[in-house]
Structure formats: C-alpha cells, structure tokens
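Coordinate analysis (summary)
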Amino acid sequence: MTSTVKRAYRFRFYPTPEQADLLNRTFGCVRLVYNLALDARSTAWRQRHERVNYAAISAMLSAWKRTEDLAFLNEVSCVPLQQCLRHLQGAFIAFWEKRARYPRFKSKRRSRASAEFTASAFRYADGRLTLAKMAESLNIVWSRPLPEGQSPSTVTVSRDSAGRWFVSLLCQDAIPALPATTNAVGMDAGLIHLLTLSTGEKIENPRHEQSDRRRLARAQRALARKERDSRNQDKARVKVARIHARIADRRRDHLHKLTARLVYENQVLVIEDLTVRNMVKNRSLARAISDAGWRMFREFLTYKCAWYGRDLIVIDRWFPSTRLCSVCGHLAEKMALNVRAWTCAGCGAVHDRDVNAARTTLAAGLAVAVCGAGVRPQRGNLRAGLSAMKQETRRATAGILVL
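Remember, it's a predicted structure, so these values are computed and weren't measured experimentally. (Residues numbered from 1 in each chain as written. Predicted model: local features only at pLDDT ≥ 70, side-chain atom pairs only at ≥ 80, totals over all residues. Heavy atoms only, no water.)

As for its placement among the helices and strands, Lys-202 is situated in strand β10 (residues 202-204). The spatial distance from the C-alpha of Lys-202 to the C-alpha of Lys-65 is 59 Å, given a sequence separation of 137 residues. In this structure Lys-202 touches His-193, Leu-195, Thr-196, Asp-352 and Val-355, once residues within four positions along its chain are discounted. (Helix = DSSP H or I, 4+ residues; strand = E, 2+ residues; numbered from the N terminus. Contact = heavy atoms within 4.5 Å.)

What follows is the structure, given as structure tokens:
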C-alpha cells in the first residue's frame, strides 16, 4: 500500500549578493503588505464592524502599488505579496475558529523572514531553480534528490536568525507503507531519560541546550554589552543565533532518528497526551522540558505513523500510568516524583517507576484499540473513565509482559 502526500524538501543555498539583495527586499515588502492588510482589516472591524475578505484586501494591494509612496512594491515579484495575504486570511480563519490568537503585526527587527512562490513565479528544470525577477538560478546544495518525475508546486525561501538561507520545495511524494509487524510499544516521556519503553529500554536525554549553555550565556552577555542598533550588536546577535541554531538542529536530528526507529520497528505505538503548554509554566522545569522537545517528538511521530501505515494511540493525560500496577492492576496512592521504584501493595511486585508507566500505557492503548473505551475521559467523569480503563488494562496486561 502506498500513500501519496505533499512533502516539503528543505535545502540550504548560497545566494549571490544580487540575489540576497532582491530576496531581502522581497522579505521587507511581504512584511509591509502583511502589516498594511492586517491594519486595514482591524480598522474596518473596529470602526464599521465590517469584515474585509481576501478579495477586498487583494484589490487594496493593487491600489497600493499605484501610489507614489508604495510604488517600490512593483520591484519584487507580486506572487509572494499575494501569498502573504492568503496566509493572513488563514490566520483570521484560525482565530475565528478559536484555534489561534488574533493575528499580530510582523516586526521589522525580526531577523527570520520568508517568502512563498507558486508555480507561476519560479522555473525548475534539470535540478536548477530560478525565481521570478532573477537572472541566475540559486546555488542550492542538493543533499537528497526530489521524487522522480515530480516538480515542486510551491517554493518557500527563508532566512533564519543565524543568517542562513534555505529553500523548501513542496512536492507530491509516494510513500510505501512499511511491512506489517506484530511489535507494539508503550512510551513514557521523562527528563532524566528522554523516553522509557515498555520493553525496559531507556533512551538517554541528550540535553542539547544544557551542553551548550555556557557558550550561550557567554554570547548573551557579550550581546547585552553592545550599543543598541550598532553593527557590533548585529554581529553579537548573529553569534547568539548560531548557538541557538546549533542546539535546535541537533535536537531535531536526534528526534527524527529516534521517531524513525520507533516507527520502523513497531506496528502499534502508544503515548500519553502531555500538555506541554501547561507544563512549561513550571519555572523549575520549563527549561528542561523545552530542551527535551516533547512536543516536537509527538509531531514527528504523528506524521510518520500516518505516512508509513502505523497505529498511534494517545491515551488520556489523566490516566495514572505511574501508579497503576502493570501486573495486577492495583492503583497505588499518590507518589512523589523522587520515588523511582515502588512495591505494589496488591501483588508485591517491585516496579521501576518509568518502566511500569510505559507498560501500563501500552496495556491501556491496546485495550483502547480493542474496545475503544476510555480513550479520553473528561475530567468530570474521571473516576468512571479510569475505572473502565483499569479493568481493560488488567485484561490486556498479561499479554504485554511477554514482549
């Protein structure tokens, strides 16, 4: 079985001075048009309670280009300007559906920028990509091939805070499903160990930010001493951004390799629904949680399972996986975080805290897959939901411990 998906292929490229100047001007025009459109839509609603749609704001863009003050918008490709209006429309739709906050203005001081080009604004042939208004193709480092016989539908050019240039090509890709397997694994996320698997394996937490913390602190102190809006401040800011980029790249690479391994080896994967947004409000643990990258791990695992035909089961965040005995199903009393091993009062089994949590997570996930009950009990019905989950876990546990 093969699934067809839209897949973005990201490459680094090195622009010529002329290309960099054109792209920087394009980024500035995109930011300006986005802010003008957002201001026009916000003003129309505040003053007249009128909703300005995409068609109306697109007509405003044409009018802006004819004015003397904004005539420079004609010097760059019109496609990225239209695309930023579509992105703004999407932001408003997400706000109306209560999936996101109200759109915010883009800051001129923001060092990261991007522009999106559709098929009418670029030319791709024989591994050479040329954007609109450019005479030469981009010098791209092709680290991997594009899907055979496929041309990109959209191209997004970006510049990160460290001054690196990237191009992302969106293509249709056929991804074959992996061979079916009988393996199933439950996972318990942590800070001492990044993951503990139901097989008993513990995956170490690389702590990428902690390993570079001294270098980062030194660079940030140097940045704080620079004169505001000076060239030295810009140089110091880039040094800080490069350290952050190094940390983020290493974290992303490690999570990609880890999630790929888990998806390749297992047919069923069970995780807990962790509310990272609320957990990082704990000032004592926020830095360590962010460094672990739990949210990124779940995002990678979700789309890879969908691509390769694996089953990902997410159990409710209130399920007491740590306190529930994986042998007899007895629910222990409240357990402090410093308790790393405990003995079940029901059957006398001695448990490693994290391994037991991973095993009960797997048992609950398999019970959900069989009966579909107790996946996400509401907090008001927590006792009934946990009772049903506990009963199903007792039935499923006997077949889990032989893995």
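Below, the discussion takes up the pattern of salt bridges. What the rule picks out here adds up to 22 salt bridges. A salt bridge links Asp-212 to Arg-215; the shortest N-O distance between them is 3.8 Å. Since its relative accessible area comes to 4%, Asp-212 is described here as buried. Here Glu-265 ties to Arg-261 by a salt bridge, and the two come within 3.5 Å at their closest N and O atoms. Of this pair, Glu-265 and Arg-261 both sit in helix α6 (residues 231-265), four residues apart, roughly one helical turn. Under the relative-accessibility criterion, Glu-265 is labelled partly exposed at 37%. (Salt bridge = Lys/Arg side-chain N within 4 Å of Asp/Glu carboxyl O. Buried < 20%, exposed > 50% of the residue type's maximum accessible area, 1.4 Å probe, protein only.)

This part takes up the UniProt feature "domain: Cas12f1-like TNB" (unreviewed entry) in the protein. When the UniProt feature table is mapped onto this chain numbering, "domain: Cas12f1-like TNB" (unreviewed entry) sits at residues 294-359. Strand forms 17% of residues 294-359 and helix 33%; the C-alpha atoms that close the span are 19 Å apart. (UniProt positions renumbered as here; feature names shortened; annotations may be inferred.)

A separate point is the environment of Phe-297. Here Phe-297 is to be found in helix α9 (residues 294-308). What makes Phe-297 buried here is its relative accessible area of 9%. The spatial distance from the C-alpha of Phe-297 to the C-alpha of Thr-259 is 7.2 Å, given a sequence separation of 38 residues.

Now for the UniProt feature "domain: Transposase putative helix-turn-helix" (unreviewed entry) in the protein. Annotation from UniProt places "domain: Transposase putative helix-turn-helix" (unreviewed entry) at residues 1-49. Along residues 1-49 one finds 65% helix and 24% strand; the C-alpha atoms at either end are 51 Å apart.

For the protein, the mean per-residue pLDDT works out to 87, and 92% of the residues sit at or above 70. Long-range and interchain partners of residues 373-403, a stretch whose pLDDT sits below 50, account for 48 contacts in this model, where long-range means more than four residues apart. (pLDDT = per-residue confidence, 0-100.)

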